[in-house]
Amino acid sequence: MSVKRVLVTGGAGFVGSHLCERLVERGEDVICLDNFFTSQKSNVVHLLGKPNFELIRHDVTHALWLEVDQIYNLACPAAPGHYQYNPIKTMKTSVMGAINVLGMAKRCRARVLQASTSEVYGDPEVHPQPESYRGNVNPIGPRACYDEGKRAAETLFFDYHRANGVDIRVVRIFNTYGPRMHPFDGRVVSNFIRQALHGQDITLFGDGSQTRSFCYVDDLVNGIMRHMDLDENFPGPVNLGNPGEFTIRQLAELVIELTGSASKIVHRELPADDPKQRRPDITLAKERLGWSPTVELREGLERTIRYFKSVRLEDFRAPTPNH
Ligand code: NAD
Ligand code: UDP
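Now for a description of the structure that goes with this document. (Residues numbered from 1 in each chain as written. Chains lettered and ligands numbered in written order. Predicted model: local features only at pLDDT ≥ 70, side-chain atom pairs only at ≥ 80, totals over all residues. Heavy atoms only, no water.)

A word on the sheet that holds strand E1 (residues 5-9)
Part 1 of the argument: Read across the open sheet, the 7 strands follow the order E3-E2-E1-E4-E5-E6-E11; overall the sheet is parallel. In this open sheet, the two strands that pair with only one neighbour each are strand E3 (53-57) and strand E11 (238-240). Neighbouring strand axes in the sheet, compared pairwise and without regard to direction, differ in orientation by 20° on average.
Part 2 of the argument: With 5 bridges joining them, strand E2 (residues 29-34) and E3 adopt parallel strand pairing. Across the sheet, residue Cys-32 finds its bridge partner in E3, namely Leu-55.
Part 3 of the argument: In the packing of helix H4 (residues 144-164) onto the sheet, contacts are made with strand E5 (111-117) and strand E6 (168-173), and the angle to E5 comes to roughly 155°. (Pairing = 2+ DSSP bridges. Helix = DSSP H or I, 4+ residues; strand = E, 2+ residues; numbered from the N terminus. Axes fitted to C-alpha atoms, helices over the stretch in contact; angles between N-to-C directions. Contact = heavy atoms within 4.5 Å.)

In structure tokens form, the structure reads like this:
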């Protein structure tokens, strides 16, 4: 296989940095593009000396002009506290970012993959969620800037595909965790581990009976790359996530056990529109991509806890006050 020129937008972020690492290891010519809103250079600093890695500071809401063969479009704040900080900018990032990468893909005849989300299903009434489920999203709630932004991006991807023949791939990512999550992103795994390691109270929102399915980042990156590299014309959308479903209370208890922490669980108000349940139906990913996750939650959490023990919180800038 010849070397490909690959653009990863949002490449310095949590998922993006793992993806860049894998692509660099495979020998591709990788361009990582990021505005560093929710990330920092330290996530990719180990790649900076490599001849096949390049880092560009740029905002995807502005036009891009590069020559590439593949584009992974990951640029978008993903944690609720981050995407709600400037909701209008979040919507612009999803929609204008999609238009800009799609325009570029059309011009270069590049294949382009969109990092969509389980949030397109909103607070789902169908459980587990197959790709055919059209979702239950509140279009005017606090999560709408992200959910509807991602839904609009999917629309743009499929319209560019139908109208202009752009070679698209759409993956719907369910909650993913692992090393390089931002310690102040306010997401549940990073919050609980940070709190447990620093002897702070574990903040359980609501009664903790809401569920999520947690996918380890290496599994997710395998799935994303499989979809991009698939020779057949299969635009998706395809769910990528780990079907193991846990209540948030179970997660809190597991983090306390694995860290050996003396932290106590305290209750906080459940945020508006917080989905009550979430679990991917991954039948399609199994059939079409031959993909399913392999890392169990306990093992993935152990690896993530090791990472959180190895970093100094002073080295991180909280992107927003919402953590
Ligand atoms: P992240 O916040 O760590 O990464 C997002 C990256 O995009 C950051 O580096 C950020 O600085 C960059 N970015 C944000 N706005 C930008 C802009 N306007 N221009 C250029 N760069 C910009 O989050 P993540 O968890 O790595 O998420 C990556 C992608 O995967 C996102 O698109 C997210 O919506 C999607 N996703 C993630 C999850 C998950 O659980 N991690 C679940 C569903 C979907
Ligand atoms: N959550 C929690 N305590 C926290 C952070 C989050 O109980 O400190 C809950 C949150 O209300 C939600 C779940 O954990 O029910 C997952 O939250 P996260 O922000 O990680 O992701 P999302 O809601 O987007 O799936």
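That was the structure; now back to the text.
Remarks on the site of ligand 1
Part 1 of the argument: What surrounds ligand 1 is a group of 29 residues, the closest being Asp-34, Thr-38, Ser-39, Tyr-146 and Thr-176.
Part 2 of the argument: One of the backbone N or O atoms of Phe-37 is found 2.9 Å from an oxygen atom in ligand 1.
Part 3 of the argument: Between ligand 1 and the protein, one listed contact pairs a nitrogen atom with a side-chain N or O atom of Thr-93 at 3.2 Å.
Part 4 of the argument: When ligand 1 sits alone it has 820 Å² of accessible area, and the protein chains cover 97% of it.
Part 5 of the argument: Those elements that place two or more of their residues in the shell around ligand 1 are helix H1 (14-25), E5 and H4. (Near = heavy atom within 4 Å. Polar contact = N/O pair within 3.5 Å; in protein donor to acceptor, adjacent residues only side chain to side chain. Areas by Shrake-Rupley, 256 points an atom, 1.4 Å probe, with all protein chains shown as cover.)

Thoughts on the environment of Leu-313
Part 1 of the argument: Position of Leu-313 relative to the elements: it lies in the segment after helix H9 (297-310).
Part 2 of the argument: Taking the C-alpha atoms as reference, Leu-313 lies 9.7 Å from His-182; in sequence the two are 131 residues apart.
Part 3 of the argument: Residues contacting Leu-313, with those up to four places away along its chain left out, are Pro-183, Phe-184, Arg-194 and His-198.

Looking at the pairing of E2
Part 1 of the argument: Burial of E2 is extensive: 5 of the 6 residues sit out of reach of the surface.
Part 2 of the argument: Of the strand pairs in this sheet, E1 and E2 are connected by 5 bridges, and their pairing is parallel. Bridge pairing in E2 places Leu-7 opposite Ile-31.
Part 3 of the argument: Remark: the E1/H1/E2 crossover connection has right-handed handedness. (Buried < 20%, exposed > 50% of the residue type's maximum accessible area, 1.4 Å probe, protein only. Right-handed = clockwise from strand over helix to strand, strands pointing away.)

This is a description of form; function is not addressed.
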